[in-house]
Amino acid sequence: RRRGLAPRAATASDAPFPYPVIDRTAKTLTLTIGESEVHIETGRIGLQANGAVMVTEGETVLYATICAGREVTADGGFVPLTVNYQERFSAVGKTAGGYRKRDGGVRENETLVGRLVDRPLRPMIPKGWAYDTQILEWVLSYDGVRSTDALAITAASAVAAISDVPLKKPVAGVRVGWAPGASEPLINPTVEQMRDSRLDLVLAGTEDAVMMIEGFGDFLTVDEMLYAIEKGHEAVAKACKDIKAWAEQVGRPKMTEKMLVAPEGVDAAVAEAVGADLATAMAIGPKQQRGAAVEQVRNRAMEALKDQFQATDVRLACGRIESQAIRNMIRREGRRQDGRDVNTVRPIASEGGLLPRAHGSSLFTRGETQAIAVATLGGKVDAQRTDGIGDSEDRRFYLHYFFPPSSVGETGRIGAANRREVGHGNLAERALAPIIPPEEQFPFTVRLESTITESNGSSSMASVCAGCLALQDAGVPISRKVAGIAMGLILGDEAEGEAPVVLTDILGSEDALGDMDFKIAGDAEGLTAFQLDIKVEGITLPVMRTALERARVGLIHILGEMEKADPPPGGEMSKYAPQIRTMTVSKKYIGRVIGKGGEQIKSICEQTKIDTIDINDDGKVVLNGGFGCDMDAAVAIIESLTVEPEVGKTYRGARVTKVLEFGAFVEVLPGIEGLCHVSELDVTRVNNPKDVVNEGDRIDVKLLETNERGQLKLSRREVLLDEGGDEVRAQLEEAKMAREEARDARKAEAEDRAQSDGGGWGEDRGGGNPDDRRRGRPPPKARRGRTRLRE
């Protein structure tokens, strides 16, 4: 036993170390969005970041942080903001696939959500903020009830609001759906409610205005869409007010003193030096010529003012003057850079069948924006597999968008899709998805590629137009034709009482220097996709209505020009397109079609050059073959594998698979064999089956019966009798009578011989037991001979 130590008296050196006390008291906020409550917490986790929040909705938990760099990295002309969103597989109790088993690779859905967060938040950070800023978001727990994209917008806004990074106003996000037959939209609907929804709209805005919308619908009307936006903004406005009040209580002071400010007098000096020349250069129509002229004027301004201001400040001042020049030209003269008025669509030219070996292709040109679209048909194995924390599904239709630097006359990186390519491709894909026929009508997987060859405004909407033409050229039976158009906005001068000007079919410069980029896809009857990015506050619903009505007129015009395609789309499937055939077999034959270890399917594929044969538990068989396959032969083989043998039917050319002493096994149908007994091989007696047939021979047999175990009894004899008719039967009858006469003759001869020998086995014959001879029995040797004879 250890002896206990006596307590020692405390001394001055035992005083606690003066470690700073960190306050980790949680500060919380609860928002009500639709029928759900969102809880936001800060102050307990992630205190070393500029801001950190834990956002909870149900059992979904999202952790968001914001951090700003310490060095100036921008010139004040743009905000160096990066948003990264990630879904952890552990949030749903999964482990990432692959060898590494580590989360980290950016999936397409994560890129799309990151863009949704970035777009409404970026305009709210002043351009003078020149420090690298990064917002990181992780989904740490997911209950599968509601999607996380709108929640991610709210979480990013909340973390920015409580941080010391300058922010004009908080924003919030909400999803809006519309159930079939309902008169009111669904605010913050569940995943289950969205399965049948006619509308999928994600909206973000401040308490005063809508900043961003992105939505897809099944040909919604303008009134329905505007009403959904109105109801969605009501929910967003209340959330923004609550976040703002909460941030004022728990947030850090904003670092507004670090904002870059333009030197006093730089705009006036640049305007005096080259203002008129910049306005003239901005009025040049062709993009390349205009760009060269503007750059020349900028260089002249920097050279002239190099002793007064830095080159960066002069260049930024030139950009502000260029923006003002465009605005003045449009508002005061009603004229745009390429000479159009505000309602005119640029000249359109299109053609189908551009590429001879592609399944479907098209070329679409609108002004200086041009796209080549290629449609490729495939089978089920070509579907796009999506992997994430939500429900995984195979996409039968998907679009890949390529924006090479050559499309704008530049050099640059080529490789994996960047965030812009992923976002634009998704928008064009969702715009075309409603017109793709269902799998029951068109079992093919459809992959569209859109390669931008020239770009000067809304290449994503050009992809919609080119994609629609390529689908027609590939013979896809689309339900209706759709097109896409981009609308812009130039706000009026409030001091002079000018009204906003809506622009139809905007140029790249009108997008960059204007106040709105509103992409709309659909037809004259309704909308399939829309994406709105607003760069300033103050866009009202009446302005949106005007833009939508003008867009409808533009879409009708574009669809009419697409009808003039020369040459027009082929409208039928290419001879190089794959073939897909769907059939159904009884469940009891699934194993027979597959074969042992899949050998039957492999054999069919080798014989007919079919690529794949898929069969499900319900007996649905899908055959997919490329150019040159024999689809009809493959279908015939499967049908023969699933045919029930018919009693009384003659099977011609059946293959002998095995010959035994008692008969031969014959394959009457693929994988179905029966026994032809030796007595049924010929019309006459057969001693050895190999005298008649050998393995591999082809013979005709008739199915006589099928027993309770499914075994088949076959006969070659019956076929010969049926084919020989009365002549063969007469010959058989004569042979039978001859055999009977010969047997009778042999019997009579034996009886006569026995009588002449004295009545059988007598004593005079000798041998054997005398008692046996007296009884008339044959001797033992004779009896043994008879026994052997019988055997």
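Residues numbered from 1 in each chain as written. Predicted model: local features only at pLDDT ≥ 70, side-chain atom pairs only at ≥ 80, totals over all residues. Heavy atoms only, no water.

Looking at the overall build of the protein chain
Here's step 1: If you tally the helices and strands in the protein chain, you get 18 helices and 29 strands.
Here's step 2: Here the protein chain has a C-alpha radius of gyration of 43 Å; the compact-globule value for 791 residues is 28 Å, and the former is much larger.
Here's step 3: Across its three principal axes, the protein chain shows a C-alpha extent of roughly 155 × 105 × 50 Å.
Here's step 4: The buried share among the 791 residues of the protein chain stands at 47%.
Here's step 5: Taking the intrachain contacts of the protein chain between residues at least 6 apart in sequence as the baseline, contacts between residues at least 24 apart amount to 68%.
Here's step 6: Element-wise, carbon and sulfur atoms account for 48% of the exposed surface of the protein chain, whose accessible area totals about 40400 Å².
Here's step 7: For the protein chain, the centre of its 103 positive side-chain charges and the centre of its 120 negative side-chain charges are spaced 7 Å apart. (Helix = DSSP H or I, 4+ residues; strand = E, 2+ residues; numbered from the N terminus. Rg over C-alpha atoms; globule rule 2.2 N^0.38 Å. Buried < 20%, exposed > 50% of the residue type's maximum accessible area, 1.4 Å probe, protein only. Contact = heavy atoms within 4.5 Å. Areas by Shrake-Rupley, 256 points an atom, 1.4 Å probe, with all protein chains shown as cover. Lys, Arg positive; Asp, Glu negative; His and termini not counted. Charge placed at Lys NZ, Arg CZ, Asp CG, Glu CD.)

Topic: the pairing of strand 19 (residues 501-504)
It is a general feature of regular strands that their side chains alternate between the two faces of the sheet.
Here's step 1: Alternating positions in strand 19 separate into two faces, V501 and L503 on one and V502 and T504 on the other, with burial throughout.
Here's step 2: Relative to strand 19, strand 18 (residues 483-490) is paired through 4 bridges, and the arrangement is antiparallel. For L489, the partnering residue across the bridge sits in strand 19 and is V502. (Pairing = 2+ DSSP bridges.)

Thoughts on the pattern of salt bridges
Here's step 1: As enumerated under the stated definition, the model contains 42 salt bridges in all.
Here's step 2: Residue R119 is joined to E214 by a salt bridge in which the shortest nitrogen-to-oxygen separation is 2.5 Å. Taken together, the residues R119 in helix 1 (residues 108-121) and E214 in strand 10 (residues 210-220) connect sequence positions 95 residues apart. Pair check on accessibility: R119 and E214 agree, each one buried.
Here's step 3: The shortest N-O distance in the salt bridge between K231 and E234 comes to 4.0 Å. Separated by 3 residues within a single helix, K231 and E234 lie in helix 4 (residues 222-250), roughly one turn from each other.
Here's step 4: Ionic contacts of the salt-bridge type, sharing partners, join the residues D338, R340, R346, R366 and D505 into one network. (Salt bridge = Lys/Arg side-chain N within 4 Å of Asp/Glu carboxyl O.)

Brief notes about the packing of helix 6 (residues 287-304) against helix 7 (residues 311-333)
Packed helix pairs are specified by the crossing angle of their axes together with the interaxial distance, meaning the distance between the axes.
Here's step 1: It is the contact of helix 6 with helix 7, at a shortest axis distance of 9 Å, that shows an interaxial angle of 135°. Overall, the two elements helix 6 and helix 7 adopt an arrangement that is oblique. The way helix 6 lies across helix 7 gives a crossing that is right-handed. Within the contact between the two elements, helix 6 uses V294, E295, R298, N299, A301 and M302 and helix 7 uses A311, V314, R315, C318 and E322.
Here's step 2: For the contact of helix 6 with helix 7, the per-class residue count stands at 6 nonpolar, 1 polar and 4 charged. (Axes fitted to C-alpha atoms, helices over the stretch in contact; angles between N-to-C directions. Parallel < 35°, antiparallel > 145°, perpendicular 65-115°, else oblique. Left-handed = near helix turned anticlockwise from the far one by under 90°. Nonpolar A, V, L, I, M, F, W, Y, C, P; charged D, E, K, R; others polar.)

Here's the deal with the packing of helix 4 against helix 11 (residues 541-562)
Here's step 1: Look at helix 4 against helix 11: their axes get within 11 Å of each other, and the N-to-C directions meet at 155°. In terms of orientation, helix 4 and helix 11 fall into the roughly antiparallel class. The chirality of how helix 4 crosses helix 11 is right-handed. Residues V222, D223, M225, L226, I229 and E230 of helix 4 lie in contact with helix 11, whose contacting residues are L541, M544, R545 and L548.

Description of the environment of G488
Here's step 1: Its location among the elements puts G488 in strand 18.
Here's step 2: Separated by 240 residues in sequence, G488 and E248 have C-alpha atoms that sit 35 Å apart.

Regarding the sheet that holds strand 1 (residues 27-33)
The pairing of strands in a sheet happens through backbone hydrogen bonds and is either parallel or antiparallel.
Here's step 1: If you walk across this open sheet you meet the 6 strands as 1-2-3-4-6-5, and the pairing is mixed. Edge strands, defined here as strands with exactly one partner in the open sheet, are strand 1 and strand 5 (81-87). Ignoring strand direction, the axes of neighbouring strands in this sheet form an average angle of 20°.
Here's step 2: Relative to strand 2 (residues 36-42), strand 1 runs antiparallel, the two sharing 7 bridges. Across the sheet, the residue bridging to I33 is S36, located in strand 2.
Here's step 3: Helix 4 contacts strand 1, strand 2 and strand 3 (51-57) of the sheet and is inclined by roughly 175° relative to strand 1.

Looking at the pairing of strand 4 (residues 60-72)
Here's step 1: Two elements, strand 3 and strand 4, share 7 bridges in a ladder whose sense is antiparallel. What sits directly across from A52, in strand 4, is T65.

Side note on the sheet that holds strand 25 (residues 650-660)
Here's step 1: Ordered by their spatial adjacency, 5 strands build a closed barrel running 25-26-27-29-28, and the pairing between neighbours is mixed. Sheet twist, expressed as the average angle between the axes of neighbouring strands with direction ignored, equals 55°.
Here's step 2: As paired elements, strand 25 and strand 26 (residues 663-669) share 5 bridges and run antiparallel to each other. Paired with V656 across the two strands is V666, which belongs to strand 26.
Here's step 3: Its contacts with the sheet place helix 15 (residues 717-724) against strand 25, strand 28 (698-706) and strand 29 (712-715), and it is angled at close to 105° to strand 28.

Points about helix 9 (residues 459-473)
Here's step 1: Look at helix 9: 21 Å from first C-alpha to last across 15 residues, which is about the 21 Å you get at 1.5 Å a residue.
Here's step 2: In terms of burial, helix 9 is a largely internal element, 15 of the 15 residues being buried.
Here's step 3: Of the residues trailing helix 9, G475 is marked for its positive phi of about 80°. (Expected span 1.5 Å × (residues − 1).)

Quick word on the nonpolar core
In summary, soluble globular proteins display a tendency toward joint burial of nonpolar side chains.
Here's step 1: Ranked by size, the top nonpolar core spans 133 residues in total, and within it I40, I213, F364, L432, F518, I558 and M562 carry the most contacts.
Here's step 2: It is helix 4 that contributes the most residues to this core, 11 residues altogether.
Here's step 3: In this structure L432 touches F397, L399, L448, V464, G467, C468 and V482, once residues within four positions along its chain are discounted.
Here's step 4: One finds V294, A317, C318 and V501 within the second-largest nonpolar core, a separate group that totals 26 residues. (Core = buried A, V, L, I, M, F, W, Y, C linked by side-chain atoms within 4.5 Å.)

Regarding the confidence of the model for the protein chain
Here's step 1: When pLDDT is averaged along the protein chain, the result is 87; 92% of the residues meet or exceed 70.
Here's step 2: This stretch, residues 759-768, has a pLDDT under 50; its non-local contacts, to residues over four places away or in other chains, come to 16 contacts. (pLDDT = per-residue confidence, 0-100.)

A word on a negative patch on the surface
Here's step 1: Together, E733, E734, E740, E741 and D744 make up a negatively charged patch on the protein surface.
Here's step 2: Tracing the chain through its elements places E740 in helix 16 (residues 726-756). (Patch = residues over 30% accessible without salt bridge, like charges linked within 9 Å, V, L, I, M, F, W, Y side chains within 5 Å.)

Some points on the packing of aromatic side chains
Here's step 1: By the definition in use, this model includes 6 aromatic pairs.
Here's step 2: Residues Y63 and W138 carry aromatic rings whose centres are separated by 5.6 Å and whose planes lie at 20° to one another, so their mutual orientation is stacked. Of this pair, Y63 sits in strand 4 while W138 sits in strand 6 (residues 131-141); the two residues are 75 residues apart in sequence, bridging distant segments of the chain.
Here's step 3: Over the ring of Y131 we find K258; its NZ or CZ atom is 5.6 Å from the centre of that ring.
Here's step 4: A cation over a ring is seen here: R420 above F403, with NZ or CZ 4.1 Å from the ring centre. (Phe/Tyr/Trp six-rings, centres within 6.5 Å; stacked < 30°, edge-to-face > 60°. Lys NZ or Arg CZ within 6 Å of the ring centre and 35° of its normal.)

Structural notes on unusual backbone geometry
Here's step 1: With an omega of -5°, the peptide bond running from D566 to P567 counts as cis.
Here's step 2: Inspection of the secondary structure puts P567 in the loop between helix 11 and strand 22 (579-584).
Here's step 3: The residue N188 is not glycine, and still its phi comes out positive at about 55°.
Here's step 4: With respect to the secondary-structure elements, N188 resides in the loop between strand 8 (186-187) and helix 3 (191-194).
Here's step 5: Even without glycine at this site, D505 takes up a positive phi of about 55°.
Here's step 6: Inspection of the secondary structure assignment puts D505 in the loop between strand 19 and helix 10 (508-513).

Quick word on empty space enclosed by the protein
Here's step 1: Counted according to the given criterion, the structure contains 1 cavity of 30 Å³ or more.
Here's step 2: If you add up the space inside the largest cavity, you get close to 100 Å³.
Here's step 3: Taken together, 13 residues make up the lining of the largest cavity; nearest its centre are E57, A150, L151, G173 and N188.
Here's step 4: Mapped by element, the contributors of at least two residues to the lining of the largest cavity are helix 2 (149-162) and strand 7 (172-177). (1 Å grid on protein atoms, 1.4 Å probe; cavity = no way out; pocket = protein on both sides within 12 Å on 5 of 7 lines; lining within 4 Å. Points joined across faces, edges and corners; volume = space filled by probe spheres on them.)

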